Amino acid sequence: MDLNILSTLTERLRAESIGDPEWVESKRVFEYSTQSVEVVTVLKVVRAAQGVHALDLLCRSGLFIDMGAIYRCIDDCNSEVYFLLETYPIQSSDVQRFVKAFFATTIDSDLSAKSEYVLTKKIHSAVARVITSMEQHESTQARLSRVYKTFCGYTHANYSNIMEVYGGTYPDLSFNVAGVPSVHQRDAHMEIVEQAYLSVLYALAFIAQKLKLNNLFMEIWSHHESLSV
């Protein structure tokens, strides 16, 4: 796992596919003037890549509940990448609705306005179609749903997820609010960081392939292959 390489590949994908956002002086923000599926997809993987950096820092600090919440966000972003580009350049009505809802959340948007969001099960169904054969579709979608529900527990601060961080050496037991100090537990949780790293790498490769950025795709895949040597 090399976080610097992940950052470089992510920025290359962004630069080669959607370019730089424009400075809007009246709002004092950067925005993309083109509200396209390509922009949404690339920004989603940018968020996922940054999330891997956050995971690494949280893991090294023993902040495992927050790790789970960030992993859920990374998983959401990656799933949305496959959903958005499943039939690219053809866009389903669900994809069009997703893109519209995404750009409804600008800095000056009306927070009271209602957006029509796409159901998570539809997104997971698209992911299952992309990564498996039709015979395995239902079982794959069920596994995706289990992962989603598992990490929802960290996002919503469920009882069992909070209790995970209680412990220590008797009699000094606590909830370790500043981070679980156990080196063994931090090393074990680092597997989550590594898995997230690979998942973002796959999403980057998928986008590069769909957008016909062939040289970048080959470079991403070459890096992936080097990880298994």
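Look up: the structure comes first, before these words.
These figures come from a predicted structure and were not determined experimentally. (Residues numbered from 1 in each chain as written. Predicted model: local features only at pLDDT ≥ 70, side-chain atom pairs only at ≥ 80, totals over all residues. Heavy atoms only, no water.)

1. Notes on the packing of helix H1 (residues 3-17) against helix H9 (residues 214-227)
Closest axis-to-axis distance for the H1/H9 pair is 11 Å, and the angle between their directions is 165°. The orientation of H1 with respect to H9, classified from their angle, is roughly antiparallel. H9 is crossed by H1, and the crossing has left-handed handedness. Here Ile-5, Leu-9, Arg-12, Leu-13 and Glu-16 of H1 lie close against H9, whose contacting residues are Leu-216, Glu-219, Ile-220 and His-223. Considered class by class, the residues forming the contact of H1 with H9 number five nonpolar, one polar and three charged. (Axes fitted to C-alpha atoms, helices over the stretch in contact; angles between N-to-C directions. Helix = DSSP H or I, 4+ residues; strand = E, 2+ residues; numbered from the N terminus. Parallel < 35°, antiparallel > 145°, perpendicular 65-115°, else oblique. Left-handed = near helix turned anticlockwise from the far one by under 90°. Contact = heavy atoms within 4.5 Å. Nonpolar A, V, L, I, M, F, W, Y, C, P; charged D, E, K, R; others polar.)

2. Concerning the packing of aromatic side chains
Two aromatic rings, taken as a pair, are described by how far apart their centres are and by the angle between their planes. Taken as a whole and assessed by the stated rule, the structure comprises nine aromatic pairs. Consider the rings of Trp-23 and Phe-30, whose centres lie 5.0 Å apart with planes at 65°: the pair is edge-to-face. Under the relative-accessibility criterion, Trp-23 is labelled partly exposed at 39%. A relative accessible area of 57% places Phe-30 in the exposed class. (Phe/Tyr/Trp six-rings, centres within 6.5 Å; stacked < 30°, edge-to-face > 60°. Buried < 20%, exposed > 50% of the residue type's maximum accessible area, 1.4 Å probe, protein only.)

3. As for the side chain of Thr-10
Looking at where Thr-10 falls in the secondary structure, it is placed in helix H1. Within polar-contact distance, the side chain of Thr-10 engages the backbone oxygen of Leu-6 at 2.7 Å. The residues touching Thr-10, leaving out its near neighbours within four places in the chain, are Val-45, Val-46, Ala-49 and Leu-204. (Polar contact = N/O pair within 3.5 Å; in protein donor to acceptor, adjacent residues only side chain to side chain.)

4. Things to note about helix H3 (residues 64-85)
An ideal rise of 1.5 Å per residue puts 32 Å on 22 residues; H3 measures up with 32 Å between its terminal C-alpha atoms. With 18 of 22 residues buried, H3 lies mostly within the body of the structure. (Expected span 1.5 Å × (residues − 1).)

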